[in-house]
Amino acid sequence: MTVKPTDKPLRESFLEATETIQALIIADTATAFNNLTQVLEREHDILTTTVSDTVDALTYLNDQVDCVIVDHHATDSGGLSSLEAIRAAYPDLTIVFFHENETSAAAALQAGADHCIRRDEGQTTAQASHVAAVLRRELQRRHAERTAENKTVFVRGALDALDDVSFVFDLTGEIVHWNGNLTEISGYTDEEIANMTPLEFVAEKDTESVAAAIGRTISEGQAKEDADLVTKSGEYCPFGFAFKLLEDNGNAIGICGIARDVTDRNHREEVPNRHKQIVEAMGDGVYALDADERFEMVNDAFVSMTGYSREELLGEHISLLTEEADIENGRAVVRELLHSDKRTIATYEITVHTAADVQFPCEIALTLRFDEIGTFSGTMGVVRDVTDRNARNEELERYETIVETVPVGVFVLSEDGTILAGNDNAWTMVGYTADKLVDEPFLTLVEAGIVNEKEVEEYVELVRNLLSSETDRETGAIEATITSADGQTKTYLAHISLLPYEEEFRGTVGVFQDITERKQRERALQRQAEQLQTTNRINEIIRDVNQALVRASTREEIEQAVCANLAGEGAYRFAWIGKQNIAEERVDPQEWAGIEDGYLDSRPSSKVRNDDDVTAETALETGEIQVVQSIAENPASLSWREAALKRGYESAVAIPLVYQERPYGVLCVYSPRPNGFDETEREVLTEFGETIAYAFSSAERRRALISDTVIELEFALHDRDIFTIDLTARSDCQVTLDGIVERSDGSLVEFVTITGTNPETVLELAADRGDLEASLVSKNENESVFQLVSEESSSTVSLADMGGIIREGIAENGEGRLVFELPQDANVRAIVEAITDRYPDTELLAQRERERTSTRGAEFRAMLDNALTDRQNEVLKTAYLSGFFEWPRDKKGDEIAASLDISGATFHEHIRTGQRKLLESFYESASTGGS
């Protein structure tokens, strides 16, 4: 609410006791007061003009007349009509009435006279002195009132010029003055404010503290307090209140209050706050200039600031205190305000020159002054010394330079985790620019995957600890892993410090130091130590196992030694060794040790496990070590996860046991901790697996020396690409494999006996195929013997390199059955894969181990194979299978020789040599004790 003066003074100059007074006398004759006027002019410097009636008086009166003297004889009404007319026209003009008695004096006072003096012509000199004294006292009183009124108007104008809320209330709590900022911010109308008390504007929680501050103001003269100002709409706004006691002649008459919005102060520590809470109400320097830029008023603070006295300043031009450039700058500000429809206040800086010739920077908050008719009459300014602020700004700039220069990232967060500021290194660290992050929640970086949520929780916990009354620390540190927007991950040591605060937490500063290389070195050293520890531990286990392997003579003893030693160490919870069952497509456990608790029985079969699962079968299929470092999280352990975790298994490894490309089984080991098998440990276990496989191989060789155990594989063949299978499907016949001869050129010759169809059908069907040559060897009433020649066997593969033989081969109704006999150390998996790769529609029906009833046959065959050359073996076996040794012969020697692409003589030579070596092998075997 702005109050302006409404009464127009007659004279603006201040009257001193020695100044000349202009008096207008209204009397019935000009000579009536001659003696009195002469004494007034001569001795009291009071100039007089005499008129005889009211009309002349009103015509003559102007702003140069200081008082009017009315004689009771001036008009027929005893001068009262003149008095009333003048008072009505000039309410502030001093009027002295000369009366003749008390009745006329009372009437004059009622009509508006200021003083009444009894007329006594005999006492002219005394009456002149009396009149002069009365006039001077009255004029000084009116001048004092006008001065006080001008000061009041000025103070109110100064309050209205402030950016802050200002108000004045009396000692009863009634608000008697306020500026427009109070209505604008609070939302209350002037009428509502006039009926409110100061405490009604603050939050209920703050009423007690504000009331106490008002009490301190009354007792101590001033006080300050922070509180929430509550608007009419219920919004809470933080304000700083400053109260100043108002006194009149030493008596308290009211309190002046200034309220400043401290939201920015509460939210920004580093940015200098121009609007700090006023130390005391109107504590800054205040001045007023007229339109000629001369001082009309200054307050004590301004006087103290400049070093000049008030008398030295009043009436002086502003150039006394500042330079021409600053004056021109001020004039530009005035012109800008004069042409602005919205702005009423502007600020600018000047350099003030004090009386002691000291210079310092000041900031001026300037507003314009206008008279009653709206004419520009000067300016009013609030002056603040900004030396300290500029120094702080310079210091801040230095700190900002340091912060931007040091190789660390700096983040400033508010109390609710909003990003307030940061340096260039901070923005580079996260891969975002400042405009993308300032005023955004720090959790934005969590949502973007740049900062881990766990590390935010550690930050919150650290801040809680720093705020706790149980610690006096103001700084703490956490480690943070940050992945920038470009995908680069680094480790930082974040030093967290609390922003300075008085009562409520205001936020933190975080300084992030890149320790990626240091952490890498630490991790490398830790890995080296762990690798050394792992290597030593595994080496101890392997040393113990190797000692056990030396003592073990069978596979079973080896398996027991391996599992017992591995599970006996605290590093492993369970270990087992399995052997592949190809026919059942599974791995059968052979031996185990440790915490098993039914785990092996709960393993899923290969038919229900997922394709991506890591199992013992996976290790055997790939021939490579398989590792699951976290059973709880790795999808590859899904099918067996629950059973493993229930028994305390956290990580697992499956090591294939392979020696010279032959698999001997798989070793599975389980650790009670996640990531239980590092790279070094896996390498050592891989080598350990080879050692175990070698031990198995050695044990089997020893076993082979004292036993004739063989492996028997039984297959079912359904592939119609096999001629014999196709033949039985297309004709009602049965085919029996008699034998296979591998020729020197690599081609294979099969001798088969076919029953249930005529030879012509066989030859006709064989002729339709381009990969087969068939010839009839012999026939009788029920069966025929055929020779089938192909580049590779039409029913099986060569087993010679693997020491195997075909024990049985039969085909009928489109399905074949083959039984292979293999030595104990044969690579069963390789044989099965070779057959199924060549004929995919083949099924392994059974895998068996059995003891031969006699070893003489095997010994005799080995001796004969060593004695015969490959060609002699081929000729002798072909002749045998072709019926050459039957009588009558199924086929003549020349025919067989032609099929072998040799001459008859060569054929017979090979036959005689082969028969001789056959007999030699038989008899030498018998002479060595064979039975």
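Computed from a predicted structure; not experimentally measured.

## Remarks on the overall build of the protein
Stage number 1. The number of helices and strands found in the protein is 30 helices and 33 strands.
Stage number 2. The buried share among the 931 residues of the protein stands at 44%.
Stage number 3. When contacts within the protein are restricted to residue pairs at least 6 apart in sequence, long-range pairs at least 24 apart make up 56% of them.
Stage number 4. Entry remark: accessible area of the protein is about 48,600 Å², with carbon and sulfur atoms responsible for 47%.

## Observations concerning a negative patch on the surface
Stage number 1. On the surface, Glu 415, Asp 416, Glu 502, Glu 503 and Glu 504 cluster together into a patch of negative charge.
Stage number 2. Along the chain, Asp 416 falls in the loop between strand S16 (409-414) and strand S17 (419-422).
Stage number 3. Under the relative-accessibility criterion, Asp 416 is labelled exposed at 59%.

## Details of the side chain of Asp 726
Stage number 1. By secondary structure assignment, the location of Asp 726 is in helix H24 (residues 723-730).
Stage number 2. On the basis of relative accessible area, Asp 726 is assigned to the buried category, the value being 9%.
Stage number 3. For Asp 726, the residues in contact, after removing those within four places along its chain, are Arg 720 and Arg 769.

## Remarks on the pattern of salt bridges
Stage number 1. Tallied over the full model, the rule gives 27 salt bridges.
Stage number 2. Here Glu 461 makes a salt bridge to Arg 464, at a shortest N to O gap of 3.5 Å. Placement of both Glu 461 and Arg 464 in helix H17 (residues 453-467) is noted, with a separation of three residues, approximately one turn of the helix.
Stage number 3. For Glu 559, the salt bridge goes to Arg 555, with nearest N and O atoms at 2.8 Å.

## Focus: the side chain of Ser 630
Stage number 1. Considering the arrangement of structural elements, one finds Ser 630 in the loop between strand S23 (626-628) and helix H22 (641-646).
Stage number 2. Those residues in contact with Ser 630 that lie beyond four places of it in its chain are Ser 637 and Glu 650.

## What about the sheet that holds strand S7 (residues 175-178)?
Stage number 1. In space, the five strands of this open sheet follow the order S7-S6-S10-S9-S8, with antiparallel pairing throughout. If you trace the sheet from one side to the other, it starts and ends with S7 and strand S8 (222-230), each paired once. Each neighbouring strand pair of the sheet contributes to a mean axis angle of 25°, computed without reference to strand direction.
Stage number 2. The sheet contact formed by strand S6 (residues 165-169) and strand S10 (residues 251-261) spans five bridges and is antiparallel. Each bridged residue has a counterpart across the sheet, and for Ser 166 the counterpart in S10 is Ile 258.
Stage number 3. Packing of helix H8 (residues 207-220) onto the sheet brings it into contact with S6, S8, strand S9 (236-248) and S10, and relative to S8 it is tilted by some 155°.

## Section: the packing of H24 against helix H25 (residues 759-767)
Stage number 1. Where H24 meets H25, the axes come as close as 11 Å, and the angle between the chain directions of the two elements is 125°. What the angle tells us is that H24 and H25 run oblique. Considering how the two elements wind past one another, H24 and H25 form a crossing that is right-handed. For the pair H24 and H25, contact is made by Phe 723, Leu 727 and Arg 730 and by Val 762, Leu 765 and Ala 766, respectively.
Stage number 2. Taken together, the residues of the contact of H24 with H25 sort by class into five nonpolar, no polar and one charged.

## Here's the deal with the packing of aromatic side chains
Two descriptors summarise a pair of aromatic rings, namely the distance from one centre to the other and the angle between the planes of the rings.
Stage number 1. One pass over the full model with this rule turns up 21 aromatic pairs.
Stage number 2. Relative to Phe 302, the ring of Tyr 287 has its centre 5.6 Å away and its plane inclined at 45°; by these criteria the two rings are tilted. Residue Tyr 287 is located in strand S11 (residues 285-290), and its partner Phe 302 is located in helix H10 (residues 300-306); the two are separated by 15 residues in the primary sequence. Here the two residues Tyr 287 and Phe 302 agree in accessibility, since each one is buried.
Stage number 3. Between the aromatic rings of Phe 574 and Tyr 670, the centroid separation amounts to 5.6 Å while the plane-to-plane angle is 25°, which identifies the pairing as stacked. Separated by 96 residues along the polypeptide, Phe 574 in strand S21 (residues 574-581) and Tyr 670 in strand S25 (residues 662-671) bring together distant segments of the chain. Here Phe 574 matches Tyr 670 in class, with each residue buried.
Stage number 4. Among the aromatic residues, those joined into a cluster by ring pairs are Phe 167, Phe 169, Phe 239, Phe 241 and Phe 243.

## A look at unusual backbone geometry
Stage number 1. At Asp 45, a position not held by glycine, the phi torsion is positive, near 55°.
Stage number 2. Backbone geometry places Asp 357, a non-glycine residue, at a positive phi of 60°.
Stage number 3. Looking at the element boundaries, Asp 357 is found in the loop between strand S13 (345-353) and strand S14 (359-370).
Stage number 4. Asp 357 sits in the exposed class, given a relative accessible area of 60%.

## Details of helix H12 (residues 324-338)
Stage number 1. With 15 residues, H12 should reach 21 Å at 1.5 Å per residue; the first-to-last C-alpha distance of 21 Å fits that figure.
Stage number 2. Taken as a whole, H12 has its buried residues at Asp 326, Ile 327, Gly 330, Val 333, Val 334 and Leu 337. Along the long axis of H12, the arc covered by the buried residues comes to 115°, so they all point the same way.
Stage number 3. Structurally, H12 contributes buried residues whose contacts are with S13, S14 and strand S15 (376-385).

## Examining the UniProt feature "modified residue: 4-aspartylphosphate" (unreviewed entry) in the protein
Stage number 1. Residues annotated by UniProt as "modified residue: 4-aspartylphosphate" (unreviewed entry) correspond here to Asp 71.
Stage number 2. As for its position among the elements, Asp 71 is in strand S3 (residues 67-71).
Stage number 3. Classification of Asp 71 by relative accessible area gives buried; the value is 2%.

## Regarding the pairing of strand S26 (residues 709-717)
Stage number 1. In terms of residue burial, S26 counts as a mostly covered element, since nine of its nine residues are buried.
Stage number 2. Of the two faces of S26, the one holding Thr 709, Ile 711, Leu 713, Phe 715 and Leu 717 and the one holding Val 710, Glu 712, Glu 714 and Ala 716 are both buried throughout.
Stage number 3. As judged from the eight bridges shared by S26 and strand S32 (residues 815-823), these two strands associate in the antiparallel manner. The partner of Ile 711 across the bridge, within S32, is Leu 822.

## Topic: the nonpolar core
Stage number 1. By size, the foremost hydrophobic cluster in this structure holds 33 residues, and its most contacted members are Leu 713, Phe 715, Phe 723, Leu 727 and Ile 754.
Stage number 2. Dropping the residues within four chain positions of it, Leu 713 is found in contact with Leu 818, Val 819, Phe 820, Leu 822, Val 828, Ile 831, Val 832, Leu 844, Ala 846 and Gln 847.
Stage number 3. Core analysis: the next-biggest nonpolar cluster, separate from the first, contains 31 residues, Ala 552, Tyr 664, Leu 667 and Ala 699 among them.

## Comments concerning the environment of Ala 194
Stage number 1. By secondary structure assignment, the location of Ala 194 is in helix H7 (residues 190-194).
Stage number 2. On a C-alpha basis, the gap between Ala 194 and Ile 175 in space is 6.1 Å, while along the polypeptide they are 19 residues apart.

## A look at the pairing of S3
Stage number 1. Among the five residues that make up S3, five are buried, leaving the element largely enclosed by the rest of the structure.
Stage number 2. Burial along S3 is two-sided: the face carrying Cys 67, Ile 69 and Asp 71 and the face carrying Val 68 and Val 70 are both buried.
Stage number 3. Relative to S3, strand S1 (residues 21-26) runs parallel, the two sharing four bridges. Paired with Ile 25 across the strands is Ile 69, a residue of S3.
Stage number 4. Relative to strand S4 (residues 94-99), S3 runs parallel, the two sharing five bridges. Among the inter-strand pairings, Val 70 is bridged to a residue of S4, identified as Phe 97.

Rules and cut-offs
Residues numbered from 1 in each chain as written. Predicted model: local features only at pLDDT ≥ 70, side-chain atom pairs only at ≥ 80, totals over all residues. Heavy atoms only, no water. Helix = DSSP H or I, 4+ residues; strand = E, 2+ residues; numbered from the N terminus. Buried < 20%, exposed > 50% of the residue type's maximum accessible area, 1.4 Å probe, protein only. Contact = heavy atoms within 4.5 Å. Areas by Shrake-Rupley, 256 points an atom, 1.4 Å probe, with all protein chains shown as cover. Patch = residues over 30% accessible without salt bridge, like charges linked within 9 Å, V, L, I, M, F, W, Y side chains within 5 Å. Salt bridge = Lys/Arg side-chain N within 4 Å of Asp/Glu carboxyl O. Lys, Arg positive; Asp, Glu negative; His and termini not counted. Charge placed at Lys NZ, Arg CZ, Asp CG, Glu CD. Pairing = 2+ DSSP bridges. Axes fitted to C-alpha atoms, helices over the stretch in contact; angles between N-to-C directions. Parallel < 35°, antiparallel > 145°, perpendicular 65-115°, else oblique. Left-handed = near helix turned anticlockwise from the far one by under 90°. Nonpolar A, V, L, I, M, F, W, Y, C, P; charged D, E, K, R; others polar. Phe/Tyr/Trp six-rings, centres within 6.5 Å; stacked < 30°, edge-to-face > 60°. Expected span 1.5 Å × (residues − 1). Arc of directions from axis to C-beta. UniProt positions renumbered as here; feature names shortened; annotations may be inferred. Core = buried A, V, L, I, M, F, W, Y, C linked by side-chain atoms within 4.5 Å.

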